[in-house]
Amino acid sequence: EWHSAADFLADGLSMSASFSTDNGAAKTATARLENSWGVGATYVTSAGDTTLTIGGGVADGEIANTGTQASADKGGYNIGISAVTGDLTIGVGYGDGDTFVANDATATTNRQVDGSVTKIGASYVTGDITLAIGVASGEAKDSDTFGTAGTTDDSSDSTSASVTYAVASGVSAVLGYTSVDRKNNGSTSTLDGTAWYVGAT
């Protein structure tokens, strides 16, 4: 691993990088991680009364099975921006990547998944009340044939909002709401729905 000092190359910039590899021994029938690496950076600056934080990274993992490079791997990138102006905070993030998971049907084979997600959120503090709202939208294509990209979209879209009220020092009342809409292979899923929450912390 390597981590830069603060204000690396420019005021507000910091970076990190990592790399790992195995000993090169022959792989068994079970796939093993061959090499992995990642690079990321964060940049903080200001524009008038607004503080901007920009972050991003890219990572990849190579998988080998009995000494042969797998036709699918794990990797992707992400980027995010947050802006703070007084009591208002807004954030936007995006990620895209490929991975694989155990096949639900057999649990002995792998399923390739290629997907992306976008998230947007905002919060505003006014006196003892904090208002927050967030939206997340993701889509992916999965395939039961390892190494072959899927052709139909799975998707998940959610919207959430909350109101938090500071009742007393260290005590807050919370009202929250979430709505989720999901589709599996382009068709409507039975996992759609809404939820609400009332409580205190």
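Located above this text is the structure these notes cover.
Draft legend 1. Spotlight on the pairing of strand β11 (residues 171-184). Both strand β10 (residues 154-168) and β11 contribute to a ladder of 13 bridges, which runs antiparallel. Looking at the pairing, Ala168 lines up with Val171 of β11. Between β10 and β11, which pair antiparallel one after the other, the connecting turn spans two residues, and Gly170 there sits at a positive phi close to 85°. Bridge count for β11 against strand β13 (residues 193-200) is eight bridges, and the pairing is antiparallel. Paired with Gly176 across the strands is Tyr197, a residue of β13.

Draft legend 2. Fine view of the side chain of Ser36. Along the chain, Ser36 falls in strand β3 (residues 32-47). A polar contact of 2.5 Å, which involves the side chain of Ser36, links it to the side chain of Ser20. Residues within four places of Ser36 in sequence aside, it is in contact with Ser18, Phe19, Ser20, Asp60 and Gly61.

Draft legend 3. Focus on the packing of aromatic side chains. For the coordinates displayed, the defined rule picks out two aromatic pairs. With a centroid separation of 5.5 Å and an interplanar angle of 70°, the aromatic rings of Trp2 and Phe8 are classed as edge-to-face. Residue Trp2 is classed as partly exposed on the basis of its relative accessible area of 40%.

Draft legend 4. Up close: unusual backbone geometry. Backbone geometry at Asp7 places phi at a positive 55°, although glycine is not the residue there. Turning to its location among the elements, Asp7 is positioned in the loop between β1 (2-3) and β2 (13-21). For Asp7, a relative accessible area of 46% translates into the label partly exposed. One non-glycine residue with positive phi stands out, namely Leu9, at about 70°.

Draft legend 5. Representation of a negative patch on the surface within the structure. Taken together, the side chains of Glu139, Asp153, Asp157, Asp181 and Asp192 define an acidic patch exposed on the protein surface. Structurally, Asp181 is set in strand β11. Classification of Asp181 as partly exposed rests on a relative accessible area of 33%.

Reading the values: rules and limits
- Residues numbered from 1 in each chain as written.
- Predicted model: local features only at pLDDT ≥ 70, side-chain atom pairs only at ≥ 80, totals over all residues.
- Heavy atoms only, no water.
- Pairing = 2+ DSSP bridges.
- Helix = DSSP H or I, 4+ residues; strand = E, 2+ residues; numbered from the N terminus.
- Polar contact = N/O pair within 3.5 Å; in protein donor to acceptor, adjacent residues only side chain to side chain.
- Contact = heavy atoms within 4.5 Å.
- Phe/Tyr/Trp six-rings, centres within 6.5 Å; stacked < 30°, edge-to-face > 60°.
- Buried < 20%, exposed > 50% of the residue type's maximum accessible area, 1.4 Å probe, protein only.
- Patch = residues over 30% accessible without salt bridge, like charges linked within 9 Å, V, L, I, M, F, W, Y side chains within 5 Å.
- Areas by Shrake-Rupley, 256 points an atom, 1.4 Å probe, with all protein chains shown as cover.
- Salt bridge = Lys/Arg side-chain N within 4 Å of Asp/Glu carboxyl O.
- Lys, Arg positive; Asp, Glu negative; His and termini not counted.
- Charge placed at Lys NZ, Arg CZ, Asp CG, Glu CD.

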